[in-house]
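Read off the chains here:
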Amino acid sequence: MTANANIVTGLAKIGMVLRSEAWQRTEVTGLSPTQAQILAHLVQRGPTRVGAVAAAIAVTQPTASDAVTALVRKGYVERRPDPEDARAAQLHPTKAGRRLAEELAVWPDALLAAVDALDPSEGAAFVKALVKMIRTLQERGAIPVQRMCVSCRHFRPNAHSDAARPHHCAFVDAAFGDAALRLDCGEHVAADASVQLESWARFKEAAA
Ligand code: SF4
């Protein structure tokens with residue numbers, strides 16, 4: 001088996017753990033995996049419309065609408081008028097929804113143990129590899145655009161000579177290493193397309 005085939009097989013096995021966990025949680029919480037994803041998205045990113053949620057979690061709008069209707073019925077989400085367009089509705093998590101989202105945000109023990117088994121250099125290399133893979137998946141339209149450092153206006157790749165912490169975040173004005181590259185950052189601001197390309201080229205040099 002080639003290295004690439006091994007990687008895809010390994011990712012599929014990790015995906016199996018995540019899917020299994022998601023369905024086990026369904027039995028406990030009564031939320032389908034899609035409903036749980038929507039609730040987590042609203043808590044992390046704030047109120048938004050159903051179309052934006054559907055795009056963010058890569059499901060169709062009818063699928064998202066059905067899941068939202070169920071979340072509203074269960075008391076975890078409420079619809080309020082959008083301040084920018086009173087004819088449209090924004091989705092807000094309720095207090096009960098926020099509490100449940102906190103419980104759902106805990107990763108399965110088995111997965112945490114598997115990640116803990118990596119030594120620091122393996123962890124940093126894994127994060128870097130994930131960034132590359134996720135960026136390629138985004139470019140192919142296979143997943144929604146993520147709020148990663150490599151597309152952020154504040155990211156300065158390879159800005160420092162310190163091999164352990166070569167990158168710089170201008171938002172917090174601090175150096176950091178590959179292990180701390182963010183895959184979903186609340187402070188992310190998308191850089192212009194040309195800046196993203198330059199930044200990516202510098203990041204790859206840094207990674208070489
Ligand atoms: S603001 Fe967040 S996404 Fe942007 S460079 Fe800093 S850590 Fe990375």
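Residues numbered from 1 in each chain as written. Predicted model: local features only at pLDDT ≥ 70, side-chain atom pairs only at ≥ 80, totals over all residues. Heavy atoms only, no water.

(A) Region of the structure containing the domain arrangement of the protein chain. Assigned domains within the protein chain: domain 1 (3-104) and domain 2 (118-207). The straight-line distance from the C-alpha centre of domain 1 to that of domain 2 is 26 Å. Each partner contributes residues to the interface: domain 1 has eight residues there, and domain 2 has four residues. Summed over both sides, the interface of domain 1 with domain 2 buries roughly 480 Å², with 59% coming from carbon and sulfur. Joining domain 1 to domain 2, the criterion identifies one salt bridge. When the shortest N-O distance is used, the salt bridge between aspartate 184 and arginine 45 registers 3.2 Å. Counting across the interface, domain 1 meets domain 2 through one residue pair in polar contact (both at pLDDT 80 or more). Sorting the residues of the side of domain 1 that touches domain 2 by element identifies helix H1 (3-29), helix H2 (33-45) and helix H3 (50-56) as the ones contributing at least two each. Residues that form the side of domain 1 that touches domain 2 fall into these classes: six nonpolar, one polar and one charged. (Domains from an automatic or database assignment. Contact = heavy atoms within 4.5 Å. Buried area = accessible area lost by both parts, 1.4 Å probe. Salt bridge = Lys/Arg side-chain N within 4 Å of Asp/Glu carboxyl O. Polar contact = N/O pair within 3.5 Å; in protein donor to acceptor, adjacent residues only side chain to side chain. Helix = DSSP H or I, 4+ residues; strand = E, 2+ residues; numbered from the N terminus. Nonpolar A, V, L, I, M, F, W, Y, C, P; charged D, E, K, R; others polar.)

(B) Spotlight on the side chain of histidine 167. Assignment of secondary structure puts histidine 167 in strand E4 (residues 167-169). Among the residues examined, histidine 167 registers a relative accessible area of 1% and is labelled buried. Of note is the side chain of histidine 167, whose polar atom sits 2.8 Å from the side chain of aspartate 178. (Buried < 20%, exposed > 50% of the residue type's maximum accessible area, 1.4 Å probe, protein only.)

(C) Fine view of a nonpolar patch on the surface. A cluster of nonpolar side chains, namely Ile7, Leu11, Ile14, Leu18, Trp107, Leu112, Val115, Leu118, Phe126 and Met133, defines an oily patch on the protein surface of about 840 Å² accessible area. Sorting the residues of the nonpolar patch by element identifies H1, helix H6 (109-116) and helix H7 (120-139) as the ones contributing at least two each. With four residues, H1 is the single largest residue contributor to the nonpolar patch. Among the secondary structure elements, phenylalanine 126 is positioned in helix H7. (Patch = residues over 30% accessible without salt bridge, like charges linked within 9 Å, V, L, I, M, F, W, Y side chains within 5 Å. Areas by Shrake-Rupley, 256 points an atom, 1.4 Å probe, with all protein chains shown as cover.)

(D) Structural detail: the environment of alanine 159. Along the chain, alanine 159 turns up in the loop between strand E3 (155-156) and E4. In this structure alanine 159 comes out as partly exposed when scored by relative accessible area, which is 45%. With near-sequence residues (within four places) excluded, alanine 159 lies in contact with Pro166 and His168.

(E) The nonpolar core, seen in detail. In terms of nonpolar packing, the biggest core is built from 19 residues, with Leu31, Ile38, Leu39 and Leu91 touching the most fellow members. Of all the elements in the fold, those that place two or more residues in this core are H2, H3, helix H4 (61-73) and helix H5 (95-104). Among residues more than four places away in sequence, those in contact with leucine 31 are Thr26, Ala36, Leu39, Leu71, Lys74, Tyr76, Leu100 and Leu104. (Core = buried A, V, L, I, M, F, W, Y, C linked by side-chain atoms within 4.5 Å.)

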